[in-house]
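Analysis of the macromolecular model
Single-letter residue listing:
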Amino acid sequence: MKVGILGAGQLARMLIQSGQNLGLQFTTFAPERSPCVDGLAEQQVAQFQDKEKLQSFFDAHDRITYDWENLSVTTLREIRECEKKLFPSLSVLEIIANRYRQKKFLNSLGIPTAPHALITEESGLIDAVQTLGLPGILKTNQLGYDGKGQKRLKDLGECQTAWAELGRSELEYESWVPFKRELSLIACRSVRGEEKFYPLAENHHVQGVLSETIAPAPVTESMQKFAESYAQKIFQAVDYVGVLVLELFETSDALLVNEMASRVHNSGHWTIEGAETSQFENHLRAGLGFELGGSQALGYTAMRNIIGNWQGTEHIQEVFPDILVHDYLKESRPGRKLGHLTLQGKTHEQLIQNLQTLRSFLAANGPKETV
Ligand code: AMP
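Let us look at the structure shown here. (Residues numbered from 1 in each chain as written. Predicted model: local features only at pLDDT ≥ 70, side-chain atom pairs only at ≥ 80, totals over all residues. Heavy atoms only, no water.)

Re the overall build of the protein
Counting its secondary structure elements, the protein contains 13 helices and 17 strands. Relative to the 2.2 N^0.38 estimate, which gives 21 Å for 371 residues, the radius of gyration of the protein is 20 Å and therefore close to what a compact globule would have. Viewed in the frame of its principal axes, the protein has a C-alpha envelope of about 55 × 55 × 40 Å. Within the protein, the proportion of its 371 residues that are buried is 57%. Summed over its atoms, the accessible surface of the protein is roughly 16000 Å², and 48% of this surface lies on carbon and sulfur atoms. Of the side-chain charges in the protein, 37 are positive and 46 negative, and the distance between the mean point of each set is 1 Å. (Helix = DSSP H or I, 4+ residues; strand = E, 2+ residues; numbered from the N terminus. Rg over C-alpha atoms; globule rule 2.2 N^0.38 Å. Buried < 20%, exposed > 50% of the residue type's maximum accessible area, 1.4 Å probe, protein only. Areas by Shrake-Rupley, 256 points an atom, 1.4 Å probe, with all protein chains shown as cover. Lys, Arg positive; Asp, Glu negative; His and termini not counted. Charge placed at Lys NZ, Arg CZ, Asp CG, Glu CD.)

What follows is the structure in structure tokens.
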């Protein structure tokens with residue numbers, strides 16, 4: 001079976017690696033050649049807005065998925081058989097690609113999010129800050145990821161500079177959520193309607209960018225079920241196919257969705273070694289109509305991103321023989337996700353102990369995470 005991937009970053013790399021067990025053939029489609037998929041897949045280099053090239057790409061493949069949601073929805077809408085071949089579907093992508101639309105969709109299903117408002121002019125921002133209060137966070141509605149295109153507001157006087165900085169496109173203002181923990185749920189639904197849910201994972205961010213994931217997160221059974229019920233509502237509402245990720249804020253009395261992603265996700269990298277089947281393999285299984293693999297955790301796993309450079313980690317396996325190093329083969333650049341480390345423990349306590357040792361080692365020797 002021939003599978004096309006729109007995008008050619010590290011997520012495409014790990015999808016392809018996991019798909020090799022399934023006997024699949026891959027091609028990526030991206031504006032530039034990518035070292036992440038070199039030697040793993042054929043690469044088509046073209047702009048996402050190039051309708052002709054995109055159409056031939058769709059014609060040449062049985063199924064198409066994506067590792068990046070900032071695609072051209074307008075162009076995709078004009079592609080023959082897009083609805084038949086693309087997973088998750090174009091209608092899902094349209095919802096996901098816009099923060100405000102995403103929240104409206106979630107709220108319409110009764111899924112709670114941070115209080116928010118759509119901002120299209122500076123006076124609207126001032127009104128929103130007065131209504132929703134401070135502190136808050138101003139975010140671009142599109143093309144925002146990893147905390148980019150965001151500005152925290154602590155004072156009404158900051159509205160003017162925030163608008164000047166971000167106001168070129170549509171924005172959203174959100175109340176600041178005093179969360180206790182950030183969690184994420186990786187869920188998956190297949191073309192046949194089969195559903196799987198991974199255990200909730202706990203995420204730690206540095207300056208808005210994911211740094212560590214710990215899985216399974218210590219949570220109650222009812223919190224796990226509550227998060228799964230959100231994903232099930234979304235699955236049913238849009239006849240979802242593929243991996244769906246919910247980034248969640250746990251507060252003292254609620255579980256809010258911060259963001260959803262209709263693709264495999266950084267907070268699910270732990271599943272490669274830490275679960276019966278990885279998020280990557282299950283995403284492909286889901287879209288291709290295969291039976292889904294199990295989603296139970298195998299022991300306790302932590303994932304640590306390598307951001308900016310690999311400095312100090314060259315001999316890390318000599319110090320931590322059990323650590324697994326995933327190198328995406330990208331060139332170093334500040335803020336860029338270059339790879340990740342996976343470490344495991346037999347119990348949660350042991351994992352946290354191992355992670356503390358790794359943290360101390362990285363603090364003394366490792367890359368300074370310039371974001
Ligand atoms: P995002 O790009 O929306 O996922 O935001 C990146 C990170 O910023 C989140 O993982 C949180 O750590 C933080 N953040 C975003 N929105 C809020 C909010 N409304 N309240 C508190 N923290 C937030």
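Read on for the rest.
Things to note about the site of the ligand
Neighbouring the ligand are 17 residues; K139, Q150, E174, V177 and E182 lie closest to it. Within the side chain of N258, an N or O atom sits 3.1 Å from an oxygen atom of the ligand. Burial of the ligand by the protein amounts to 94% of the accessible area it has alone, namely 470 Å². Grouping the constituent residues of the shell around the ligand by class yields five nonpolar, six polar and six charged. (Near = heavy atom within 4 Å. Polar contact = N/O pair within 3.5 Å; in protein donor to acceptor, adjacent residues only side chain to side chain. Nonpolar A, V, L, I, M, F, W, Y, C, P; charged D, E, K, R; others polar.)

With respect to the sheet that holds strand 8 (residues 171-175)
Strands pair in a sheet through their backbones, by hydrogen bonds, and they do so in one of two ways: parallel or antiparallel. Spatial strand order, 5-8-6-7: four strands in an open sheet with antiparallel pairing. Edge strands, defined here as strands with exactly one partner in the open sheet, are strand 5 (116-119) and strand 7 (150-153). Between one strand axis and the next, the sheet turns through 20 degrees on average, direction left out of account. Helix 6 (residues 99-108) contacts strand 5, strand 6 (136-140), strand 7 and strand 8 of the sheet and is inclined by roughly 145 degrees relative to strand 5. (Pairing = 2+ DSSP bridges. Axes fitted to C-alpha atoms, helices over the stretch in contact; angles between N-to-C directions. Contact = heavy atoms within 4.5 Å.)

What to know about the pattern of salt bridges
One pass over the structure, following the stated rule, counts 21 salt bridges. A salt bridge links R181 to E202, with the shortest nitrogen-to-oxygen separation between them at 3.5 Å. Taken together, the residues R181 in strand 9 (residues 181-189) and E202 in strand 11 (residues 201-206) connect sequence positions 21 residues apart. With relative accessibility at 19%, the residue R181 sits in the buried group. K225 is paired through a salt bridge with E228; the nearest N and O atoms lie 3.4 Å apart. You can see K225 and its partner E228 sitting in helix 9 (residues 221-238), three residues apart, about one turn around the helix. By sharing partners, the salt bridges in this structure join K103, K139, E172 and E174 into a single network. (Salt bridge = Lys/Arg side-chain N within 4 Å of Asp/Glu carboxyl O.)

Observations regarding the layout of surface pockets
The space that makes up the second largest pocket amounts to roughly 210 Å³. Along its surface, the second largest pocket is lined by V319, F320, P321, D322, I323, L343, Q344, G345, Q350, N354 and T357. Contributing elements (two or more residues each) for the lining of the second largest pocket: strand 17 (337-345) and helix 13 (348-365). In terms of residue class, the lining of the second largest pocket is made up of five nonpolar, five polar and one charged. (1 Å grid on protein atoms, 1.4 Å probe; cavity = no way out; pocket = protein on both sides within 12 Å on 5 of 7 lines; lining within 4 Å. Points joined across faces, edges and corners; volume = space filled by probe spheres on them.)

Overview of the packing of aromatic side chains
Scanning all chains against the criterion turns up eight aromatic pairs. Between Y198 and W270, the aromatic rings sit 6.2 Å apart at their centres with planes inclined by 85 degrees, giving edge-to-face as the arrangement. One end of the pair, Y198, is in the loop between strand 10 (195-197) and strand 11; the other, W270, is in the loop between strand 14 (255-261) and helix 10 (271-274), and 72 residues separate them in sequence. The exposure class of Y198 is buried, given its relative accessible area of 0%. Through pairs of rings, three or more aromatic residues link up here, namely F29, F48 and F57. R152 extends its terminal NZ or CZ atom over the ring of W176, reaching a point 3.8 Å from the ring centre. (Phe/Tyr/Trp six-rings, centres within 6.5 Å; stacked < 30°, edge-to-face > 60°. Lys NZ or Arg CZ within 6 Å of the ring centre and 35° of its normal.)

Observations concerning the environment of L156
Its location among the elements puts L156 in the loop between strand 7 and helix 8 (159-166). A relative accessible area of 36% means that L156 is categorised as partly exposed. Sequence separation of L156 and P135 is 21 residues, and the distance between their C-alpha atoms is 9.3 Å. Discounting chain neighbours no more than four positions away, the residues touching L156 are I126, V129, Q130 and L134.

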